[in-house]
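Architecture and fold: a report
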Amino acid sequence: MTSQLGAPCPFLAGPMIEKPQHFVGREAELDYITSRIMGIGSSSINVVGKQGMGKSSLLYRFCQIYEQRVENPRRFIVIYLNLQESHCRRENAFYLAAARQLLNHPLVKAKPELMRPWKNIKFLDRQSFSGAIGEWKRQGLFPVLCLDDFEALFRYPKHFNDGFFDNLRFLINSNILRLVVASHRKLDFYQRRYKLTSSFFNGFEQVLPLGELTEEEAWELVSLPERIGAKAALSTEEQHLAREWGGGHPFLLQLAASLLWEAHQQGLDVSWAQAKFEQVARRIPKPLWKIPPYLDEFVRSYGSVGMVILLVLFGIGVLHQTQVFGLLQK
């Protein structure tokens with residue numbers, strides 16, 4: 001979307017954020033993924049969040065910046081794969097989609113010896129895929145698959161069965177493959193729902209709940225593109241309206257800000273933007289575990305002592321883990 005003066009709208013409501021200048025915050029989550037995926041004794045991670053929380057954007061951003069966050073980035077091949085858009089309806093289609101992304105990585109293209117294990121990717125099966133990435137491990141290279149919309153696989157139970165998931169677990173346990181899996185619910189929910197017995201689902205002790213943005217992140221978003229040295233697209237009054245409508249919800253904030261920007265560009269009344277916002281917002285499920293303002297104030301006032309008390313409340317079931325994680329971020 002572009003104004004009459006040619007200035008593009010800095011807010012994106014809906015599509016995955018691909019351009020770095022549009023991505024805001026999530027530093028704590030990116031640090032969490034980096035340390036657990038690329039550290040010693042690393043394990044796979046399940047990123048869990050409701051619609052509109054920015055799971056796709058987070059995984060894509062991790063793929064963009066992981067080289068800046070690790071000491072030896074050339075040991076890793078990190079790729080993003082949306083399982084819904086890739087039409088992975090059969091097991092060999094999954095291997096083919098993953099292989100294409102891996103082989104398209106600049107590091108692989110620059111080293112012909114990394115191409116040799118993938119002699120005929122059009123006919124990849126479980127054995128040939130496992131053998132190819134196993135050869136990469138022998139060369140000191142670790143593939144990391146960031147798999148978005150993971151629940152798409154469960155729609156085809158004949159192809160993505162216990163045998164498929166057992167093989168993935170074997171590759172993870174052998175430190176041949178590492179996964180960052182994004183889903184609306186924890187993976188053990190899908191295990192129970194589809195009556196799967198694979199140990200694959202027991203290996204995701206590292207769960208990253210993706211909730212609302214922090215106060216600082218939310219204000220940074222509505223003040224775009226101020227952080228890159230440009231004038232904020234919204235006036236101070238419009239920024240406060242966007243925060244009032246969208247709260248800390250990433251999608252709703254983007255939606256509110258983009259509509260206020262559009263209304264300003266076209267000379268429309270704020271009521272037009274509000275009506276459009278409410279029309280879309282009522283279809284978006286609200287987060288189950290919002291952080292009450294009094295808890296935020298409590299932690300700010302009492303610091304580490306307050307956090308100890310909150311952890312005790314979490315231990316006895318008064319608070320949810322997403323609330324505690326959100327407060328730790330702040």
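Refer to the structure printed above.
We now turn to the structure provided with this report. Residue numbers here run from 1 along each chain, matching the order of that chain's written sequence. In keeping with the predicted nature of the model, local features appear solely for residues at pLDDT of at least 70, side-chain atom pairs appear and are counted solely at 80 or more, and the whole-chain, interface and lining totals rest on all residues. In computing side-chain properties, one takes all heavy atoms of the structure into account and sets aside hydrogens as well as water.

**What to know about the pattern of salt bridges**
Salt bridges are counted wherever a side-chain nitrogen of Lys or Arg sits within 4 Å of a carboxyl oxygen of Asp or Glu. On inspection of all chains with the given rule, the structure shows seven salt bridges. The salt bridge partner of R69 is D31, with a shortest N-O separation of 2.4 Å. In this pair, R69 sits in the loop between α2 (55-65) and β2 (76-82) while D31 sits in helix α1 (residues 27-37), placing the two residues 38 residues apart along the sequence. Secondary structure counts use DSSP, requiring at least four H or I residues in a row for a helix and at least two E residues in a row for a strand, with both numbered from the N terminus.

**A word on the state of the cysteines**
Criterion for a disulfide: a pair of cysteine sulfur atoms at a distance within 2.5 Å. Tallied over the full model, the rule gives zero disulfides. For C63, which is in no disulfide, the shortest distance to another cysteine sulfur is to C146 and amounts to 3.8 Å.

**Overview of the pairing of strand β1 (residues 45-48)**
Here β1 shows no split at all, with I45 and V47 on one side and N46 and V48 on the other all buried. In the sheet, β1 pairs with strand β4 (residues 178-183) via four bridges, with the strands oriented parallel. Within β4, the position partnered with V48 by the bridge is S183. Two elements, β1 and strand β5 (residues 206-209), share four bridges in a ladder whose sense is parallel. Note on β5: the bridge partner recorded for V48 is P209. Classification of residues uses two cut-offs on accessible area relative to the type maximum, computed with a 1.4 Å probe and protein chains only: under 20% is buried, over 50% is exposed, and between them is partly exposed. Note on pairing: DSSP must find at least two bridges between two strands before they are called paired.

**Some details on the nonpolar core**
Nonpolar side chains tend to gather and get buried jointly when the protein is soluble and globular. Side-chain atoms within 4.5 Å link the members of a nonpolar core, which is a set of buried Ala, Val, Leu, Ile, Met, Phe, Trp, Tyr and Cys residues. Core analysis: the largest hydrophobic core is formed by 45 residues, its most contacted members being L83, W118, W136, F150, F165, L179 and F200. At the level of elements, β2, α3 (91-103), α4 (106-109), α5 (126-138), β3 (142-148), α6 (162-173), β4 and α7 (187-193) are the ones that each hand at least two residues to this core. Among the elements that take part in this core, α3 stands out by supplying seven residues, more than any other. Two residues form a contact once any of their heavy atoms are found within 4.5 Å. Here W136 is in contact with I77, L102, L103, V108, L114, P117, W118, L141 and P143, once residues within four sequence places are set aside. Core analysis: the next-biggest nonpolar cluster, separate from the first, contains 27 residues, Y32, I65, Y80 and L208 among them.

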